[in-house]
Amino acid sequence: MTFTPFVRWPGLAVAPRHFTYTCTHGSGPGVATLVVPEGAVAGMAAEGDLTFGDGVNPPVTLRRCRIDSADPVSLPGGRGVSLHIRDRRWAWQFGGVSGFYNQRDNFP
């Protein structure tokens, strides 16, 4: 069994140098941090589905995420950007929340 970690974000054409996701419970959004080379941010979408996994277990997809902020960082061999992506609960700060929750997602 070989672990092959991956991260997918709309418009991201290179593998990130670093990735973490901190899931929070409650109404506050979880935050994923993606560190990419500086040139990789040009084609990236501001909103979309974030998918990540280890190549062995089923991947995790967080739908309707949004880039919240970007900070410059130093990388070996150049400059990079640390992107902070909030899960779909980012939209909850703008008013009422309605929908179907604690439902199983449809899997292919």
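Above this text is the structure in question.
Small disclaimer: the values here were computed from a predicted structure and weren't measured.

Asker: What's the story with the side chain of Thr51 in this structure? I'm lost.
Answerer: The residue Thr51 is located in strand S4 (residues 47-53) in this model. A polar contact of 3.1 Å, which involves the side chain of Thr51, links it to the side chain of Thr61. The residues contacting Thr51, other than those within four sequence positions of it, are Phe6, Val7, Arg8, Pro59, Val60 and Thr61.

Asker: It is not clear to me how the pairing of strand S5 (residues 60-75) should be interpreted in this structure. Could you clarify?
Answerer: One face of the sheet, then the other: side chains in a regular strand alternate in exactly this way. Looking at chain direction, S4 and S5 are connected through 5 bridges and run antiparallel. By the bridge assignment, Gly48 is partnered in S5 with Cys65. Strand direction decides the pairing type here: S5 and strand S6 (residues 78-86), joined by 9 bridges, are antiparallel. Bridged to Arg66 within S6 is Arg86. Linking two consecutive strands that pair antiparallel, namely S5 and S6, is a turn of 2 residues; a positive phi of about 90° is found at Gly77 within it.

Reading the values: the criteria
- Residues numbered from 1 in each chain as written.
- Predicted model: local features only at pLDDT ≥ 70, side-chain atom pairs only at ≥ 80, totals over all residues.
- Heavy atoms only, no water.
- Helix = DSSP H or I, 4+ residues; strand = E, 2+ residues; numbered from the N terminus.
- Polar contact = N/O pair within 3.5 Å; in protein donor to acceptor, adjacent residues only side chain to side chain.
- Contact = heavy atoms within 4.5 Å.
- Pairing = 2+ DSSP bridges.

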